[in-house]
Structures are given as C-alpha cells and as structure tokens.
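# Chains, contacts and geometry: an overview
One letter stands for each residue in the lines below.
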Amino acid sequence: MRCIAVINQKGGVGKTTTTVNLSAALARRGYRVLVCDMDPQANLTVHLDKRPDLEGNTMTNLLVEDTPLQDLVQETSSERLFVVPSDTSLAGVEQVLANRIGRETILREAIEAFANKSEFDFLFLDCPPSLGVLSANALVAADHVVIPMQAEYLSLQGMAKLIEVIMLVQKRLNPQLAVALVLPCMVDSRTNLSTEVLREIDQYFGTQLARTRIRNNVKLAEAPSFGRTIFEHAPDSNGARDYEAVADELLERLGMAKPVTAAEPVEAKPQTDGELAAEG
Ligand SMILES: Nc1ncnc2c1ncn2[C@@H]1O[C@H](COP(=O)(O)OP(=O)(O)O)[C@@H](O)[C@H]1O
Ligand SMILES: [Mg+2]
C-alpha cells in the first residue's frame, strides 16, 4: 500500500480538491483507495458527502484513543473509494498529544497494523493548513508527498519552510519519504506560468514539478457542495481531465502499472495538452 500525504501549510491551494479527485481517478482505474481527513475543518469529509458532526468515528479516535484504522473506514458513493472522516474535535488533538511520547508516530503505527489486514492500494492523507502534530503524523506515515500549490510568485513563500520540515522528517523519522509531485493548481489556462515562478519552482523541486497543470475550473469548485467527486459531478469537464492526467503521472512516478480489471474496460486515456505522449 502506498501512503501519500497531500500537504502544503498554506490554505486554499487545492489540497482537498486534489486529494478527493486524484483518489477518485485512481479508484476509477481499479485501485482500492482510502482517504483520511487530517484537517479539523473537515472539508474532505464534506466533499465526500459525510457529515462531520454526525460521524461518530473520526481520525480523532485513532490519534487519541488508538482506535484501529479498520474500524473507522467508511464507504463513499464512488466504487473502491473509502474515507476516514474528521470533525472539529481534531483541532484539540494537538494539545491532547502535546506531552505524549512518540506522538509523531501514532498514525504510522496505526497504518502499519492496518496494512496487513487491508487490501488497499493507496492511502491518501489530506493535511491541514499548518505544520503541527497532525501534519507531522502524516509526513512520518507517508512514503510520498504531493504538494499542491498555486503558481503565483507569492505562494512560493513558505515552500522553504515546507521543504525544511520534509527534510527534517526524512532525517529523523522517515528516511524513505520522497516528494512525488509538485502540482500547480488553479492555473489560469490563458496564461503560462511565468518564467520567474517556474525558475523558482525548479530551484526548489527540479524534476518533481508535475507536467500536468490543474486549470481553474468552476466544476471543481462546485463539486464539494454536492458532495461529489468531479467524476460524478462533471465527468466531461477540464477538471476531470486534469485529475485523470495527474493520476497517470503519479502512477508513472511511482513506477506502477495500471491494473486491468476484467470487470471494467480500460477507458481511453484523456490527453489534455499532448504532454502525456512521452509515457513508458
Ligand atoms: N482547479 C480549481 N478551479 C477552481 N476552483 C478550485 C480549484 N481547485 C480548488 N478550487 C476551490 O478552491 C478552494 C480551495 O481549494 P481546497 O482544495 O479546499 O484547498 P485546501 O485544501 O488547500 O485548503 C475550494 O473552494 C475549492 O473548491
Ligand atoms: Mg483542505
């Protein structure tokens, strides 16, 4: 099972949108995918049509009471896509764990115990907009990170801090952690990324910058209020095409072949901008 943290301590950059729709794209390809909401704001939980205040079992139970992960998994309306919800109680976890020894490894241990018992191919962690205990748990548990970012000059401030934290986690707690993709989100399709921004991203991340750009797309912004993924809400939108392309790119980065299930014909691969041709 691959464990991927979707992280950026800046809010509103596309973490939750990416977690939901990248996961859904992988589920459509036949993978079994679990997403965990690590954000007390519970946007992911709502996006997948769960009600934060009514879901009894959330990430808080896992982190504070050691409830096994398998007891928290819920189905979603998408086949092969499952969720562990959060609610506002997750905001208190930081304090509750403040003095607990080994607080950064709670999630990793839970996932290790779970991995043997489950048949998931992917586990995604939708991180909160901060670099506290919750994000630390995600970085320690993950083998890869995906960093959604807005491709403006200003949004690059903070990248240095994020990289510093990732490197610290690599050094101290999780040597295998790697950046899989840096994903520009909400890109204005009429303009290219400025050379200034591209140079800056290149300096920080080099080849980890995704070829795919997630364009600004109103359907992506609408989908959460319907509690649907983009593939349920607007399968023919640019948003759906872009996240299909990210899924392809992620699989390529991870060196994973696409599974072909007998039950489902393989769909034609969407080509957004001809950049996918170099596969294989
Ligand atoms: N590509 C996009 N086009 C249009 N709106 C988007 C896009 N990606 C995200 N949004 C919207 O922008 C807001 C912030 O995105 P979100 O994924 O919640 O960010 P984060 O999880 O980083 O805080 C949300 O309202 C979301 O619906
Ligand atoms: Mg979010």
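See the structure printed just above.
So, how was this worked out
Residues numbered from 1 in each chain as written. Chains lettered and ligands numbered in written order. Predicted model: local features only at pLDDT ≥ 70, side-chain atom pairs only at ≥ 80, totals over all residues. Heavy atoms only, no water. Helix = DSSP H or I, 4+ residues; strand = E, 2+ residues; numbered from the N terminus. Rg over C-alpha atoms; globule rule 2.2 N^0.38 Å. Buried < 20%, exposed > 50% of the residue type's maximum accessible area, 1.4 Å probe, protein only. Phe/Tyr/Trp six-rings, centres within 6.5 Å; stacked < 30°, edge-to-face > 60°. Disulfide = S-S within 2.5 Å. Pairing = 2+ DSSP bridges. Contact = heavy atoms within 4.5 Å. Axes fitted to C-alpha atoms, helices over the stretch in contact; angles between N-to-C directions. Parallel < 35°, antiparallel > 145°, perpendicular 65-115°, else oblique. Left-handed = near helix turned anticlockwise from the far one by under 90°. Near = heavy atom within 4 Å. Polar contact = N/O pair within 3.5 Å; in protein donor to acceptor, adjacent residues only side chain to side chain. Areas by Shrake-Rupley, 256 points an atom, 1.4 Å probe, with all protein chains shown as cover. Core = buried A, V, L, I, M, F, W, Y, C linked by side-chain atoms within 4.5 Å. Salt bridge = Lys/Arg side-chain N within 4 Å of Asp/Glu carboxyl O.

Within the chain one finds 11 helices and 7 strands. Radius of gyration (C-alpha) of the chain: 18 Å, near the 19 Å computed for a compact globule of 280 residues. Considering only C-alpha atoms, the chain reaches an extent of 50 × 45 × 35 Å along its principal axes. For the chain, the proportion of its 280 residues judged to be buried stands at 54%.

Attention now moves to the packing of aromatic side chains. Within this structure, the stated rule accounts for 4 aromatic pairs. Here Phe82 and Phe120 contribute two aromatic rings whose centre-to-centre distance is 5.3 Å and whose plane-to-plane angle is 85°, an arrangement assigned as edge-to-face. Remark: Phe120 occurs in the loop between helix H5 (106-115) and strand E5 (122-126) and Phe82 occurs in strand E4 (residues 81-84); sequence separation between them is 38 residues. In this pair, the class of Phe82 matches that of Phe120, namely buried. Put simply, the rings of Tyr31, Phe122 and Phe124 pair up and form one aromatic cluster.

A few words now on the state of the cysteines. Here, the word disulfide means a covalent bond between the sulfur atoms of two cysteines. Taken as a whole and judged by the stated rule, the model has 0 disulfides. Cys3 takes part in no disulfide bond, and the closest cysteine sulfur to it belongs to Cys36, at a distance of 7.7 Å. The class for Cys3 is buried, based on a relative accessible area of 3%. Not engaged in a disulfide, the cysteine Cys185 finds its nearest cysteine sulfur in Cys127; these two sulfurs lie 14 Å apart.

Most of strand E6 (residues 144-150) is tucked away, with 7 of its 7 residues classed as buried. Residues His144, Val146, Pro148 and Gln150 point to one face of E6 and Val145, Ile147 and Met149 to the other, with burial holding for every one of them. In this sheet, E6 lies alongside strand E1 (residues 2-6) in parallel orientation, the contact comprising 3 bridges. Bridge pairing in E6 links Ile4 to His144. Note: E6 against strand E7 (residues 178-185), 7 bridges, orientation parallel. In the strand pairing of E7, Ile147 is matched with Val182.

An order of E3-E4-E2-E5-E1-E6-E7 is seen for the 7 strands of this open sheet, with the pairing classed as mixed. Across the chains shown, the open sheet's two edge strands, defined by having one partner strand only, are strand E3 (74-75) and E7. Sheet topology note: the E3/E4 ladder contains 2 bridges and is antiparallel. Bridge assignment links Gln74 to a residue of E4, and that residue is Val83. This element, helix H1 (residues 15-28), spans E1, strand E2 (33-37), E4, E5, E6 and E7 of the sheet and lies at about 165° to E5.

Put simply, H5 and helix H6 (residues 133-141) touch, their axes get as near as 7 Å, and they point 40° apart. Classified by the interaxial angle, the pair formed by H5 and H6 is oblique. At the point where H5 passes H6, the crossing takes the right-handed sense. For the pair H5 and H6, the contacting residues are Ile106, Leu107, Arg108 and Ile111 in the first and Asn137, Ala138, Val140 and Ala141 in the second.

All right, on to the site of ligand 1 then. Neighbouring ligand 1 are 14 residues; Gly12, Lys15, Thr16, Thr17 and Asn217 lie closest to it. A distance of 3.0 Å separates an oxygen atom of ligand 1 from a polar atom in the backbone of Gly14. Summarising the interface, the protein chains cover 79% of the accessible area of ligand 1, which totals 550 Å² for the free molecule. Those elements giving two or more residues to the shell around ligand 1 turn out to be H1 and helix H9 (218-222).

Let us look at the nonpolar core. Counting 50 residues, the largest nonpolar core has Leu34, Leu62, Leu69, Leu107, Leu125, Val145 and Ile147 as the members making the most contacts within it. Sequence-distant contacts of Leu34, defined by excluding residues within four places in its chain, comprise Leu69, Val73, Phe82, Val83, Val84, Phe114, Phe120, Phe122, Leu123 and Phe124.

Further remarks concern the pattern of salt bridges. Applying the stated criterion to the full structure yields 9 salt bridges. Salt-bridge contacts for Arg28 lead to Glu244; the nearest nitrogen and oxygen are separated by 3.1 Å. Of this pair, Arg28 sits in helix H1 while Glu244 sits in helix H11 (residues 238-253); the two residues are 216 residues apart in sequence, bridging distant segments of the chain. In this structure, Asp248 engages Arg29 in a salt bridge whose closest nitrogen and oxygen atoms are separated by 2.9 Å. Of this pair, Asp248 sits in helix H11 while Arg29 sits in the loop between H1 and E2, and the two are 219 residues apart along the sequence. Of the two residues, Asp248 and Arg29, neither departs from the other in class, the shared state being buried.

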